[in-house]
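# Geometric and topological summary
This is what each chain is made of:
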Amino acid sequence: MRGITRRGFAATALGAASALLAAGEAVAAAGEAVAAAGEAAAEGRAPAGQGRRPRRDVRGMWLATVANLDWPSRPGLPPAAQQAELLARFDAAVAHRLNAVFFQVRPTADALWPSRYEPWAECLTGQQGRDPGWDPLGFAVREAHRRGLELHAWCNPYRVANHTDPGRLVPGHPARRHPGWALPYGGKLYYNPGLPEVRRFVQDAMLDAVRRYAVDGIHFDDYFYPYPVAGQTFDDDAAYAAHGAGFPDRADWRRNNIDRLIREMSHRTAEAGRRAGRRVRFGVSPFAVWRNHATDPAGSATRAGVQTYDDLYADTRRWVREGWIDYIVPQVYWNIGFPAADYAELVPWWSRTVAGTGVDLYIGEALYKAGDPAQPAAWQDPAELSRHLTFAHGYPQVGGHVYFAATDVAEDRVGALARVVSDHYGGPARPSA
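Right, let's walk through the structure included here. (Residues numbered from 1 in each chain as written. Predicted model: local features only at pLDDT ≥ 70, side-chain atom pairs only at ≥ 80, totals over all residues. Heavy atoms only, no water.)

## As for the layout of surface pockets
The criterion, for reference: Computed over the protein atoms alone on a 1 Å grid, cavities are sets of points where a 1.4 Å probe fits but cannot get out and pockets are open sets with protein on both sides within 12 Å along at least five of seven lines; a residue lines them when it has an atom within 4 Å of a point. Grid points are joined across faces, edges and corners, and a volume is the space filled by probe spheres set on the points. The helix and strand labels rest on DSSP assignments: H or I over at least four residues marks a helix, E over at least two residues marks a strand, and numbering proceeds from the N terminus. Basically, the charged four are Asp, Glu, Lys and Arg, the nonpolar ten are Ala, Val, Leu, Ile, Met, Phe, Trp, Tyr, Cys and Pro, and anything else, Gly included, counts as polar.
If you add up the space inside the largest pocket, you get close to 330 Å³. Along the wall of the largest pocket there are 20 residues; nearest its centre are Thr108, Asp110, Glu122, Gln128 and His163. For the lining of the largest pocket, the secondary structure elements donating two or more residues are helix H3 (122-125) and strand S4 (159-161). Considered class by class, the residues forming the lining of the largest pocket number nine nonpolar, eight polar and three charged.

## Looking at the sheet that holds strand S6 (residues 188-191)
What counts here: Strands pair, by our definition, only if DSSP identifies at least two bridges between them. An axis is simply a line fitted to the C-alpha atoms; with a helix, the fit covers only the stretch in contact. Between two such axes, the angle follows the N-to-C directions and lies from 0 to 180 degrees.
With antiparallel pairing, the three strands of this open sheet are ordered in space as S4-S6-S5. Among the strands making up the open sheet, the edge pair consists of S4 and strand S5 (182-185). Put simply, the sheet's adjacent strands are angled 40° from each other on average, direction ignored. Summarising the sheet, S4 and S6 pair through two bridges and their orientation is antiparallel. Among the inter-strand pairings, Ala161 is bridged to a residue of S6, identified as Leu189.

## Description of the sheet that holds strand S1 (residues 58-63)
The strands that make up a sheet pair up through hydrogen bonds in the backbone, lying either parallel or antiparallel. Where we set the bar: Whether two residues are in contact is decided by their heavy atoms, any of which lying within 4.5 Å being enough.
The strand order around the closed barrel built from eight strands is S1-S2-S3-S7-S8-S9-S10-S11, with neighbouring strands paired in parallel fashion. Looking at chain direction, strand S9 (residues 327-328) and strand S10 (residues 360-365) are connected through two bridges and run parallel. Its bridge partner lying in S10, Ile328 is registered against Leu361. Sheet strands touched by helix H4 (residues 136-146): strand S2 (100-106) and strand S3 (150-155). Its angle to S3, the strand with the most contacts, is close to 150°.

## Section: the side chain of Thr125
Filter applied, for reference: Under the scheme applied here, a residue whose accessible area is under 20% of the maximum for its type counts as buried, over 50% as exposed, and between as partly exposed, the area being computed with a 1.4 Å probe on protein chains only. Counted as a polar contact is a pair of N or O atoms within 3.5 Å, where, for protein atoms, one must be capable of donating a hydrogen and the other of accepting one, and residues adjacent in sequence contribute only when both atoms are in side chains.
Topologically, Thr125 is positioned in helix H3. Among the residues examined, Thr125 registers a relative accessible area of 16% and is labelled buried. Engagement of the side chain of Thr125 in a polar contact is seen with the backbone oxygen of Gln127, the distance being 2.9 Å. Dropping the residues within four chain positions of it, Thr125 is found in contact with Pro75, Gly76, Arg130, Asp131 and Pro132.

## Quick notes on the packing of helix H11 (residues 343-354) against helix H12 (residues 384-392)
Which entries qualify depends on this criterion: If you view the pair so one helix is near and one far, a crossing is left-handed when the near helix is turned anticlockwise from the far one by less than a right angle, and right-handed when it is turned clockwise.
Following both chains from N to C, one finds H11 and H12 inclined at 35°, their axes separated by 11 Å at the closest point. As H11 packs across H12, the resulting crossing turns out to be right-handed. Along the contact surface, H11 presents Tyr343, Ala344, Val347 and Pro348, while H12 presents His388, Phe391 and Ala392. Of the residues that constitute the contact of H11 with H12, the class distribution is six nonpolar, one polar and no charged.

## What about helix H2 (residues 79-95)?
Spelled out, the test is: Expected helix span is taken as 1.5 Å per residue step, with the number of steps being one fewer than the number of residues. The arc in question is traced by the directions running from the helix axis to the C-beta atoms.
The first and last C-alpha atoms of H2 sit 24 Å apart over 17 residues, in line with the 24 Å expected at 1.5 Å per residue. Among the residues of H2, those classed as buried are Gln82, Leu86, Arg89, Phe90, Ala92 and Ala93. Considered in projection along H2, the buried side chains sweep an arc of 155° and stay on one side of the axis. Counted as exposed and oriented over 90 degrees from the buried face of H2: Ala80 and Ala95. If you follow the buried residues of H2, they end up packed against S1, S2, H3, H4, S3 and helix H13 (406-411).

## Some details on the packing of aromatic side chains
Stated formally: For Phe, Tyr and Trp, rings pair up if their centres lie within 6.5 Å, where Trp contributes its six-membered ring, and each pair is then called stacked (planes under 30 degrees apart), edge-to-face (over 60) or tilted (otherwise).
Throughout the structure, instances matching the rule amount to 28 aromatic pairs. Look at Trp71 and Trp134: their rings are 6.1 Å apart centre to centre, the planes differ by 85°, and that puts the pair in the edge-to-face class. Of this pair, Trp71 sits in the loop between S1 and H2 while Trp134 sits in the loop between H3 and H4, placing them 63 residues apart in sequence. In this pair, the class of Trp71 matches that of Trp134, namely buried.

## Structural notes on H11
In a regular helix each residue adds 1.5 Å, so twelve residues correspond to 16 Å; H11 covers 17 Å between its end C-alpha atoms and thus fits that length. Listed as buried for H11 are Tyr343, Glu345, Leu346, Val347, Pro348, Trp349, Trp350, Ser351, Thr353 and Val354. Measuring from the backbone nitrogen of Ala344 back to the side-chain oxygen at the start of H11 gives 2.9 Å, which picks out Asp342 as the cap. Within two residues after H11, Gly356 carries a phi angle of roughly 80°, on the positive side.

## Details of the nonpolar core
Our working definition: To form a nonpolar core, buried Ala, Val, Leu, Ile, Met, Phe, Trp, Tyr and Cys residues must be joined to one another through side-chain atoms within 4.5 Å.
With 120 residues, the main nonpolar core has Phe103, Leu137, Tyr191, Phe220 and Ile262 as its most contacted residues. The element best represented in this core is helix H6 (residues 196-212), accounting for seven residues. Residues in contact with Phe103, not counting those within four places in the same chain, are Leu63, Thr65, Trp71, Leu86, Leu112, Pro136, Leu137, Ala140, Leu151, His152, Ala153 and Trp154.

## Some points on the pairing of S2
To be explicit about the condition: By convention, a crossover is right-handed whenever its connection, traced from the first strand over the helix to the second and viewed with the strands pointing away, goes clockwise.
Taken across its seven residues, S2 has seven buried, putting it largely inside the fold. Inspection of the sheet shows S1 paired to S2 by four bridges, in the parallel sense. Residue pairing across strands places Gly60 opposite Ala100, the latter belonging to S2. In this fold, the crossover linking S1 to S2 by way of H2 has right-handed handedness.

Structure follows, in structure tokens:
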């Protein structure tokens, strides 16, 4: 209906013609407004000029510890130096008016706290299982909250090591005590998601953090079944033979394994929070393409080489529609106009997906690409990220943005985050809850 006007009335008197023309334009304007509202509703955004629901206003950053990506700068630093570096990361978040940190506390089936289930993380001392002499997670929770920052405990569910040799794991590591639990693939070692005992164990290991610390959430990244590696097979034949009966094919069985992990972790996280007398949220930050439209009419108009449903066996759309998670942070790591996966396509797709579900939507932003000469021309413009927030603001389901990663927040090499702060974060961050 947009653009159709109701004019063309014939009249003999100029006054009558003017009156009819004005009436016609009013009707047309009303028709266009209805059309615009209908288009906006279909796309999951708010009609222009209408009030939007209050946003949670999450302004977050991921702080990665695997391979010492963001912190600590190198393994083996004295506790005081590690603490000073971590506080500098938190202070950078506050300086950029952020209000949440997604802190990687279980990077490779090891822990940044004295876990009852897994050894101390290698990134702290350079030797897995060695006590660093302090409690990083306890310190992080306390200092984040002191600064008004939420602290979400970011866990990688199934990655065991960035190598394939179980003998390099610390003696007593669960993957050594249970050698049938782990599989090599693509140069790394993974827990096998097809084993019920593995699924229960990784939940127990992650929930230990919820029970012992006042974390605001448990956060999974995008690694479920591993990303495909050409010419290699994830050899879960034995697990499929033992547990795959009743499924039409291995793909459906694998998806069910991950569905159960998410559903059970959701229930157990909520229950652990209730017992502790506080709310603990559960969220996931998946690769942003569920399925391409060419594969599934319900998918996004993208041409991505990876689809989480088909390649990682992660049915992220179902998790939202079933309400198994509290929030989702799709990693929309492409610029506006990127042909294979356009930011301006994926934000509306995810907005439609979460609409009416009660699941909060935050957009994962590729701050690390800003100013990187290896990236497309759009990322050389410091205003690209600010344009992302301007675009996303038209979709009321978008409740915030999370930036990868903490080092890039602190360095902000071309001022892209400073531009976001100037354009969109006019005051100190409100608490997101």
